[in-house]
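Topology and contacts: notes
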Amino acid sequence: MTALIQLRGIHKHYGDYHALRGIDLEIRQGEFFSLLGPSGCGKTTLLRTIAGFETPSSGTLMIDGKDMAAVPANHRPTNMVFQSYAIFPHLTVAENVGFGLRREPMSKDQKTKAVAEALAMVGLSGYGTRAAHALSGGQRQRVALARALILKPKVLLLDEPLSALDKKMREQMQVELIRLQRTVGITFILVTHDQEEALVMSDRIAVMFEGEIGQMADPETLYRRPNSRRVAEFIGKMNILPGQVGMEGNRIVVDVAGLGRGAVETDQAPGGVVPGNTSVGIRPETLGVLFPGETTDRRVAEGVVDEVVYYGDMTYYDVRVPGVQQPLTISMKNIIGRPVLEVGAPTRVVWDERSLVVLSR
Amino acid sequence: MGIFATSPKARAAALVAPPLIYSLLLLAFPLVAIVVISFWTQSGLNLDRTFTTANYREIFSGPIYIWGNANRWGVLPLSIFVSATVTLITVALAYPIAYFVSFVVAPERKSLWLFLITIPFWTSYLIRVFLWKVILGYNGVVNTGLIELGIIQEPLNVLLYNLNSVIITLAHAYAVFAILPIYVALEKIDRSLLEASQDLGENRFTTFLRVTLPLSVPGIVGAVLIVFIPTIGDYVTPELMLGSGGRLMSNVIQTQFLQLNNWPLGAALSIITMLAVGIVSLLFILLNRRWLRGRA
Amino acid sequence: MRRAWGLRTYAIIYLVFLYAPILLLPLFAFNDAAIIAFPLTGFSTRWFEQLWTTQALHQALRNSLFIASITAILATLLGTCAARAGTMPSFPGKRGALGFVMLPLVLPEIVIAVALLIVVRQVLDLNLSNWTVIAAHTVICIPFSIAILNGAFQNLDPSFEEAAMDLGETRWGAFRLVTLPLVLPGIISSLLICFIISLDDFVIAQFLTGSNPTMPVYIYGLTRFVDALPLIMALGTILVTISITLLIIAEYFRRRGVARAGFKDTGGFL
Ligand SMILES: Nc1ncnc2c1ncn2[C@@H]1O[C@H](COP(=O)(O)OP(=O)(O)OP(=O)(O)O)[C@@H](O)[C@H]1O
Ligand SMILES: [Mg+2]
């Protein structure tokens, strides 16, 4: 299947500032795709380029097989949910939602019906006559969604649509957005700087740094196999330790200072192998501490508990292991009958070659 | 279409163009013309277009315009003195009102107060000036009122045809110009700063002196400039209030243009006036720059 | 709310000072006596009747209304361009250009009048007419128009127009359907305020008016005749009533604009 959206070598300069530095991207029909990255990395710029509000300095953008270079925003098969929602304050909810139908060849009744359906889809049936400026944040967001979806675009672009909502509302809307996307089957491109949001919602995620895509993958790969230090540091918690990497025959061998040597699979070095000094990443949940009386056949390292952070369902331990540069962060599920270790307690850290990720870049 | 479709900057430039071109043609170009003509001379009914500094020499050599003599000031210093006095009084009277509206009036009533304050400003200036003449005149409202009340027997002469009446009239005319900038500056002050100051042991009054007043300086400077500059150019009030005796810079310019028909001299006088206004304003801004830094 | 009686009293006295001239106006306008002084002699509308029959006055009024209408439209058009550009991406020189357009706010009015007089008479060698007054009034009104409209445009979310275009409107359609309705109250205020400024201006009109004087020039001429004073009072009463009515309308539209767009009212023109 060919991609619905294709970006090739997209660059964008604002005067001296190089905001997009060669973006190559393919997004498939029906995909929930996220652009994730720190503030100022160019996510909004990229989204607005797709929508047609920014003209790329170079590169091509194809939607559904058509070059978009000469197509202005109002003729692109994309619609956008703005970060501020941009609900027209002088119109009612229904007029807002039906705004895009003005130029559609439909009868008045058809339009009224379409608006009612769109409102029902976002759970706002009966709100049509309300003044737009009297809505709550969550309601505005729904109006913005209905307004953008009523034109049945090929692509829906969402610029941090949830960032203005409180945590509870945000989590509820995440679920609703996923459901909505499944029902309408439209390709969604979501911009967010919230990695959790991206992981929860997306089929695929592109992580951006300073105008470039650092890694593009499904959430699980992105989390388990980050291809570089900056991706690893941006997504979730990760212990990053200095180490050595090299090839022995066709096996990749890693030596982590203080923990020891081990052979890893090629998929554990998604960024490739550059023999010599390297960084090695280990997720906190792939490590463990041995509680008194427990045994294991995995590898262990002796250490001392340095810090304990209790989260209710989990406890995070920082454990100091001689020879390891910084304390290892380890997360353990709290289960019945298992005590929480105290600061200063000696313990053993359980680890395993399979939990290592080689981060050469 | 091309560039306007892709570049918002080009669109912005295209929008700026009409007002800018209009201002260039009807403001910049005339200002250049006034400079040029000030270096010509009037000979009879015609203009002598040879470059000369004669007009400026005339202004600076005689006692009338700049230097004055033992009995009377030069017109320019007198004008600046009058404008400065008017400005001082206007701004001093306006500050408490701005403070009142910003700090005392309940938020939902603020725009009503501002509206009340602005209304008189939008009513015919000429007629307002004229009414002050009626109020302050020999048989005016104040005098007849005071006689009725038995406070005075004879009408007071000090009210009209002297600088007091000019100052009262101008202070009235420019009240709004003084109030609004100060009000805006006061509104910008973060109210928690005042609480912080009181928390640190200052009382209401010292808080005002040490926090509110310094933070409102940009507004005061704005008010001073916006009152001072136009008052110099006002010749209606001096003309009606001083009678034929007192003449300020703007009257002199008006006379040169509309009665004596010596435009080059009038132009030179206008330029001297503008320069004087500019220099006084700049000095004032410089004196206050410590308070203006990083705000403005 | 704090009590602050001192300030409150001061504010009342100040308001009396501000309103004293306007309040006296109708007293003398409806007074029977030809001399403007207390005590009042009796109610009369004869000054108004006399105004009604003064042809020169009617001509001056027509001139002033014509000049004020054209000025208001021109200045508001140009002011709208500038205010809108003010909210758009900057290009080199934009600040300078917009600053220059605002310059008349800090130039003595007489200088503008004199400078234009020189250009019209000496450089272009044209005759003075209503159009020379309009040209000059537009120069001084543009800054006021911009100041009023800046508020209207800056309150707008820049995404509004983009959202409209995203939903299929052209650039012009987006402006017409979204921006224009939202700034319309500002445009109406601007029209009214420019109209009032032009109607009221004396200095520029005196320099640039043609053979037919404007209203303020005509009034100024009257002030030299003592027996015309009650007439001026009557005329003033009418003008003040018109101004206040227009102002209330302008304020109404401004507030409606604020309310319609759901913004917090920050109060006042300028
Ligand atoms: N019109 C513009 N002119 C100049 N620079 C711009 C413009 N728009 C964006 N930039 C710059 O481009 C960079 C990327 O901006 P962008 O808005 O795409 O970031 P973002 O990833 O969306 O960040 P955020 O998470 O803060 O929204 C920023 O450094 C920004 O300052
Ligand atoms: Mg952004």
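Procedures and definitions
- Residues numbered from 1 in each chain as written.
- Chains lettered and ligands numbered in written order.
- Predicted model: local features only at pLDDT ≥ 70, side-chain atom pairs only at ≥ 80, totals over all residues.
- Heavy atoms only, no water.
- Near = heavy atom within 4 Å.
- Polar contact = N/O pair within 3.5 Å; in protein donor to acceptor, adjacent residues only side chain to side chain.
- Areas by Shrake-Rupley, 256 points an atom, 1.4 Å probe, with all protein chains shown as cover.
- Helix = DSSP H or I, 4+ residues; strand = E, 2+ residues; numbered from the N terminus.
- Nonpolar A, V, L, I, M, F, W, Y, C, P; charged D, E, K, R; others polar.
- Domains from an automatic or database assignment.
- Contact = heavy atoms within 4.5 Å.
- Buried area = accessible area lost by both parts, 1.4 Å probe.
- Axes fitted to C-alpha atoms, helices over the stretch in contact; angles between N-to-C directions.
- Parallel < 35°, antiparallel > 145°, perpendicular 65-115°, else oblique.
- Left-handed = near helix turned anticlockwise from the far one by under 90°.

On to the site of ligand 1. Residues and elements named next belong to chain A. Contacts to ligand 1 come from Tyr14, Tyr17, Ala19, Pro38, Ser39, Gly40, Cys41, Gly42, Lys43, Thr44, Thr45 and Glu160. Taking Tyr14, its side chain carries an N or O atom lying 3.3 Å from a nitrogen atom of ligand 1. Separating an oxygen atom of ligand 1 from a backbone N or O atom of Cys41 is a distance of 3.2 Å. Bound to the protein, ligand 1 loses 60% of the 630 Å² it would expose on its own. Elements that contribute at least two residues to the shell around ligand 1 include exactly strand E2 (17-27) and helix H1 (43-51). Looking at the shell around ligand 1, its residues break down into 5 nonpolar, 5 polar and 2 charged.

Next up on the list: the domain arrangement of chain A. Here chain A is partitioned into domain 1 (3-224) and domain 2 (284-351). Between the C-alpha centres of domain 1 of chain A and domain 2 of chain A there is a distance of 43 Å.

Further remarks concern the domain arrangement of chain B. Residue and element names in this part refer to chain B. Here chain B is described as being made up of domain 1 (1-38) and domain 2 (74-293). Taking only C-alpha atoms into account, the centre of domain 1 sits 33 Å from that of domain 2. Facing 5 residues of domain 1, the contacting portion of domain 2 comprises 7 residues. Each partner contributes to the roughly 450 Å² buried at the junction of domain 1 and domain 2, and carbon and sulfur atoms together form 88% of this total. The three residues of domain 1 that bury the most area against domain 2 are Ile34, Ile37 and Ser38, which together make up 83% of that side's buried surface. Across the domain 1-domain 2 interface, the total number found is 0 residue pairs in polar contact (both at pLDDT 80 or more). Classifying every residue of the side of domain 1 that touches domain 2 gives 4 nonpolar, 1 polar and no charged.

All names here are of chain B. Viewed as axis vectors pointing N to C, helix H7 (residues 125-136) and helix H9 (residues 163-173) meet at an angle of 140°, and their least axial separation amounts to 10 Å. When the interaxial angle is binned, H7 and H9 end up oblique. Read as a crossing pair, H7 and H9 show a hand that is right-handed. In this structure, H7 uses Tyr125, Arg128, Val129, Trp132 and Leu136 to contact H9, whose residues at the interface are Ser165, Ile168, Thr169, Leu170, His172 and Ala173. In terms of residue class, the contact of H7 with H9 is built from 7 nonpolar, 3 polar and 1 charged.

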